[in-house]
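Residues per chain are reported as follows:
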Amino acid sequence: MGDVAMTVPVLRALVLQHPETKITVVSRPSFQTFFADIPNVNFFGVDLNLRHKGFFGLLRLFFDLRKLDIDLVADLHNVLRSKVVRILFALSGKKVAATDKGRAEKKALTRLTNKVFASLKPMAERHVDAFQQLGFSIDLTHPKFPDKTILDDKILSITGAKNQNWIGIAPFAQYESKVYPQDLMQHVIDALAENKNNHLFLFGGGATEIQKLQQLQNKHDNVIVVAGKLAFEAEIQLISNLDVMLSMDSGNSHIAAMLGVKVITLWGATHPYAGFKPFNQPDAFCLTADRTQYPLLPTSIYGNKKVKGYDEVMRTILPSQVVEKINSNLT
């Protein structure tokens with residue numbers, strides 16, 4: 001989800017700066033809403049469960065896409081599945097390009113010995129480089145974002161009218177090493193909820209996460225658990241109206257960023273130097289674990305690697321730091 005959301009600001013800039021260009025985005029159907037408001041963008045939903053499953057499914061995907069009279073192919077994912085389709089287009093005579101994900105650089109950043117602790121090129125800029133290979137220059141220095149969505153009655157029945165600061169909190173991530181400890185997150189939520197001018201919305205998914213969110217709600221009347229109450233598209237509409245989003249290094253941070261929302265992110269085993277800092281967000285919005293105490297950080301790109309003695313790195317990010325950063329960015 002995060003990988004797809006990171007492409008949105010780039011494609012928006014491409015269309016605005018090259019209005020004669022038409023784009024077909026090929027991705028999972030659930031992500032179509034990300035691109036709904038971008039002009040000249042059509043969406044092709046991939047059926048990875050049936051029609052486009054496996055190698056022969058990728059062949060069918062290639063033939064399905066070839067019917068769309070595509071001239072150029074930009075592989076912004078650059079994994080095995082997309083490589084197969086890209087190669088088939090290249091063999092058919094089409095010009096193709098792929099995003100260089102900098103895998104060797106990322107390995108150097110996260111290895112435990114001879115670590116090269118240096119900031120790598122952001123993913124958005126890597127996507128720009130791919131389009132450059134196809135002849136398109138893209139300037140991301142002055143990005144444009146969609147207008148805030150006008151919320152319908154169904155959403156407003158849950159949120160109420162907006163007459164307070166709206167703060168989103170997405171406290172979960174795919175891997176535990178990227179999740180702020182629940183007791184510390186409780187301190188953050190309790191402190192923010194003390195200010196009755198703040199309205200907090202808790203995001204997540206699945207029964208286990210919803211249960212944890214209900215605990216974090218802690219009977220505050222200005223804290224609402226959104227998870228399980230709104231469809232994915234409605235959640236995105238709500239996020240577009242937030243003043244600030246607090247997120248882990250996760251897909252929610254990139255969804256908020258693609259909508260032009262301020263995003264405060266918390267980083268444990270991972271680090272914004274890897275190039276996954278949310279789009280157009282200041283470095284100061286990224287609160288990272290203490291490398292003086294834990295010098296091997298970052299130990300992972302995606303948070304899926306465990307290092308002995310590094311289970312508690314996120315406890316070096318104090319709840320008071322998080323609260324202060326959010327409060328300082330509320331108007």
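Higher on the page you've got the structure.
Residues numbered from 1 in each chain as written. Predicted model: local features only at pLDDT ≥ 70, side-chain atom pairs only at ≥ 80, totals over all residues. Heavy atoms only, no water.

Enquirer: What should I look at first to understand the overall build of the protein in this one?
Expert: If you tally the helices and strands in the protein, you get 11 helices and 10 strands. By the compact-globule yardstick of 20 Å for 331 residues, the protein fits well, its C-alpha radius of gyration being 21 Å. Seen along its three principal axes, the alpha-carbon backbone of the protein occupies a region of about 60 × 55 × 40 Å. Per-residue burial over the protein gives 51% buried out of 331 residues. Within the protein, residue pairs in contact and separated by at least 24 positions form 62% of the contacts whose partners lie at least 6 positions apart. Surface accessibility of the protein: about 16,300 Å² in total, with carbon and sulfur atoms responsible for 52%. Averaging the positions of the 38 positive and the 31 negative side-chain charges in the protein gives two centres separated by 7 Å. (Helix = DSSP H or I, 4+ residues; strand = E, 2+ residues; numbered from the N terminus. Rg over C-alpha atoms; globule rule 2.2 N^0.38 Å. Buried < 20%, exposed > 50% of the residue type's maximum accessible area, 1.4 Å probe, protein only. Contact = heavy atoms within 4.5 Å. Areas by Shrake-Rupley, 256 points an atom, 1.4 Å probe, with all protein chains shown as cover. Lys, Arg positive; Asp, Glu negative; His and termini not counted. Charge placed at Lys NZ, Arg CZ, Asp CG, Glu CD.)

Enquirer: I would appreciate a short explanation of the side chain of serine 247 in the present structure.
Expert: Mapped onto the elements, serine 247 comes out in strand β8 (residues 244-248). Residue classification places serine 247 among the buried positions, given a relative accessible area of 0%. Beyond its immediate sequence surroundings of up to four residues, serine 247 is in contact with Ala170, Asn252, Ser253, Ile264, Thr265 and Leu266.

Enquirer: Looking at this structure, I do not really get the side chain of asparagine 329. What am I missing?
Expert: With respect to the helices, strands and loops of the structure, asparagine 329 is situated in the segment after α11 (319-327). Asparagine 329 sits in the buried class, given a relative accessible area of 13%. Every residue in contact with asparagine 329, bar those within four places of it in the chain, is listed here: Val244, Lys262, Ile264 and Phe285.

Enquirer: What exactly am I supposed to notice about the nonpolar core here?
Expert: Most often, soluble globular proteins keep nonpolar side chains buried together rather than apart. Ranked by size, the top nonpolar core spans 49 residues in total, and within it Phe34, Phe35, Phe131, Phe203 and Met245 carry the most contacts. Elements that contribute at least two residues to this core include exactly α1 (2-17), β1 (23-27), β2 (41-45), α5 (123-133), β5 (165-170), α9 (232-239) and α10 (251-258). A per-element tally of this core places α1 first, with eight residues. Beyond its immediate chain neighbours, meaning those up to four positions away, methionine 245 contacts Gly168, Ile169, Ala170, Phe203, Ile239, Ala256, Val261, Lys262, Val263 and Ile264. (Core = buried A, V, L, I, M, F, W, Y, C linked by side-chain atoms within 4.5 Å.)

Enquirer: How do you make sense of the sheet that holds strand β7 (residues 223-225) when you look at a structure like this?
Expert: Where strands meet in a sheet, backbone hydrogen bonds hold them as pairs that are either parallel or antiparallel. The six strands lie next to each other as β7-β6-β5-β8-β9-β10, forming an open sheet whose pairing is parallel. Strands with a single pairing partner mark the edges of an open sheet, and in this sheet they are β7 and β10 (286-288). Sheet twist, expressed as the average angle between the axes of neighbouring strands with direction ignored, equals 20 degrees. Sheet topology places β8 next to strand β9 (residues 262-267); five bridges connect them, and they run parallel. Bridged to methionine 248 within β9 is leucine 266. (Pairing = 2+ DSSP bridges. Axes fitted to C-alpha atoms, helices over the stretch in contact; angles between N-to-C directions.)

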